[in-house]
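Observations on the model geometry
In case you want the letters, here they are:
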Amino acid sequence: MKKKNIPLSTLFLIVLLTLVINISSFDFLNKSVKKSTLSPKDTSLEINTLIKNSSKLIEILSICLFLGLIFGLFLEIKFLLKFLKEKKIGFLPLVSSSLKFKSFLDTVVLIIFFYSVFKFIELTFLNGNQKILVLFLNGIFQIFSLLTILSFFKREELEIRLERVDKLFFTAFKTYVGILPLLLFSIFISFLIFKILNIKPEPMPVVVFTLKEKNSLFLFILALEAIFLAPIVEELFFRGLLFKLLRKKFSFILSSLLTGCIFSLLHNNSFSFLPVLTLSVGLAYIYERKKNLLAPIFLHSFHNFISFFLLILLR
């Protein structure tokens, strides 16, 4: 069955409507920011207090991270030697990809349109106060995005293969442990840069919610979205579409870095830019090696699960 593209006239109307919705939402967003009672400084102080109260737990986690660091360095050396021997990661473009830019553009326009609609509903009707409904709305947006991608692209084009899933699962875990030292190093570099520039790093909203939220239902929905839904949608778009389209024209290194930069910028947190970029390159690496989108989905889920689990322990 052939997938249909959106006519240019319809695409233009969707873009125009998206702009109108975003302009309408601008005033509501400004009002919401002005009404906010919790300053970034207060948020940082509360998080620092939580961390200080969990000193023993942090000591145990530090030991676990140190062991993971040692094992990860061993795996990185192993990956590097295997890479130099087999040279499976290509430095030339992959011209064999069947993805079409027009279908990708249609997908991007529709996802931005859906995001604008859901953000407009959140800002005008919910006003950020009903947190569970806001989180539920975010989940619906991700499902809409998932259905949009699947409606424009076949499973074969996205390289989703349900074969040897157990082996992919184990490979994703090994790869995550392998990139763990690079993740920790990127966090250290971020701290160093912010220290030199005398800028106080602000935590991501999901970190604040996880550490402070007392509603169990909210945390349950947040965990489902972070560990299961977000990795699927984000990997379908960023690795399955964006990275793959870039690989038609550029090398692996340039494609993974460009995808990673966009991926990091959309997380909208300056401190996490470098760690998210590092993770993104790792996700592109395992996708390039395995040619199966399930591999980066598993790796992404591992990362979100471990991050969420550590934050829950710090509560």
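These remarks concern the structure in this document.

Parameters at a glance
- Residues numbered from 1 in each chain as written.
- Predicted model: local features only at pLDDT ≥ 70, side-chain atom pairs only at ≥ 80, totals over all residues.
- Heavy atoms only, no water.
- Helix = DSSP H or I, 4+ residues; strand = E, 2+ residues; numbered from the N terminus.
- Contact = heavy atoms within 4.5 Å.
- Areas by Shrake-Rupley, 256 points an atom, 1.4 Å probe, with all protein chains shown as cover.
- Core = buried A, V, L, I, M, F, W, Y, C linked by side-chain atoms within 4.5 Å.
- Buried < 20%, exposed > 50% of the residue type's maximum accessible area, 1.4 Å probe, protein only.
- Expected span 1.5 Å × (residues − 1).
- Salt bridge = Lys/Arg side-chain N within 4 Å of Asp/Glu carboxyl O.
- Phe/Tyr/Trp six-rings, centres within 6.5 Å; stacked < 30°, edge-to-face > 60°.
- Bend = angle between axes of the 7 residues up to and from the residue.
- Patch = residues over 30% accessible without salt bridge, like charges linked within 9 Å, V, L, I, M, F, W, Y side chains within 5 Å.
- Axes fitted to C-alpha atoms, helices over the stretch in contact; angles between N-to-C directions.
- Parallel < 35°, antiparallel > 145°, perpendicular 65-115°, else oblique.
- Left-handed = near helix turned anticlockwise from the far one by under 90°.
- Nonpolar A, V, L, I, M, F, W, Y, C, P; charged D, E, K, R; others polar.

Looking only at helices and strands, the protein chain features 12 helices and 0 strands. Put simply, the protein chain runs from its N terminus to its C terminus through helices and strands in the order α-α-α-α-α-α-α-α-α-α-α-α. At a minimum sequence separation of 6, the contacts of the protein chain that also span at least 24 residues come to 82%. If you sum the accessible surface of the protein chain, you get close to 18,500 Å²; carbon and sulfur atoms cover 73% of it.

Formed by 47 residues in total, the largest nonpolar core has its most connected members in I149, F153, L241 and L299. Those elements that place two or more of their residues in this core are α4 (101–126), α5 (131–152), α7 (165–196), α9 (216–247), α10 (252–265), α11 (273–290) and α12 (294–313). Ranked by the residues each element gives to this core, the list is headed by α9, at 10 residues. Beyond its immediate stretch of four places on either side in the chain, L241 contacts L99, F104, T107, I149, F153, L158 and L236. Grouped together as the second largest cluster of nonpolar side chains are 7 residues, I221, L222, A223 and F308 included.

Right, let's talk about α11 for a bit. Residue pairs spaced three or four apart in an α-helix point in one direction, given the helix's 3.6 residues per turn. With 18 residues, α11 ought to run about 26 Å at 1.5 Å a step, and its terminal C-alpha atoms sit 26 Å apart, in line with that. Burial analysis of α11 places 14 of its 18 residues in the buried class, the great majority of the element. Positive phi shows up at K291, right after α11, with a value of about 55°.

Turning next to the pattern of salt bridges. Taken as a whole and assessed by the stated rule, the structure comprises 5 salt bridges. One salt bridge in this structure joins E159 and K244, with 3.5 Å as the shortest N-O distance. Here the residue E159 occupies a position in the loop between α6 (155–158) and α7, and K244 occupies one in helix α9, the gap between them amounting to 85 residues. You can call E159 buried: its relative accessible area is 17%.

Here the focus is the packing of aromatic side chains. Summed over the entire model, instances satisfying the criterion amount to 17 aromatic pairs. Pairing F243 with F252 gives two aromatic rings, centres 6.0 Å apart and planes at 85°, and the pair type is edge-to-face. This pair shows no difference in class: F243 is buried, exactly as F252 is. Relative to F309, the ring of F305 lies with its centre 6.1 Å away and its plane at 15°, an arrangement referred to as stacked. Residue F305 and its partner F309 are located together in helix α12, separated by 4 residues, close to a single helical turn. With relative accessibility at 43%, the residue F305 sits in the partly exposed group. On the basis of relative accessibility, which here comes to 43%, the residue F309 falls in the partly exposed class. Connected via pairs of aromatic rings, a cluster forms that spans F113, F114, Y115, F118, F141 and F144.

With respect to the helices, strands and loops of the structure, E163 is situated in the loop between α6 and α7. Ignoring sequence-local partners within four residues, the contact set of E163 consists of L168 and N292.

For α7, with 32 residues, the first-to-last C-alpha span of 45 Å sits near the 46 Å given by 1.5 Å per residue. Along α7, the sharpest change in direction is near 35° and occurs at I179; proline P181 comes one to four residues later. N198 occupies a position one or two residues after α7 and carries a positive phi of about 60°.

In this section: a nonpolar patch on the surface. A cluster of nonpolar side chains, namely F185, F188, L192, I193, I196, L197 and I199, defines an oily patch on the protein surface of about 710 Å² accessible area. Summarising the element assignment, L197 is placed in the loop between α7 and α8 (205–212). What makes L197 exposed here is its relative accessible area of 54%.

To continue, consider the packing of α11 against α12. Axis separation between α11 and α12 bottoms out at 8 Å; the angle between their running directions is 150°. The pairing of α11 with α12 is recorded here as roughly antiparallel in orientation. At the point where α11 passes α12, the crossing takes the right-handed sense. When α11 is examined against α12, the residues L279, G282, L283, I286, Y287 and K290 are found in contact with a partner set consisting of A295, P296, L299, H300 and H303. In terms of residue class, the contact of α11 with α12 is built from 7 nonpolar, 3 polar and 1 charged.

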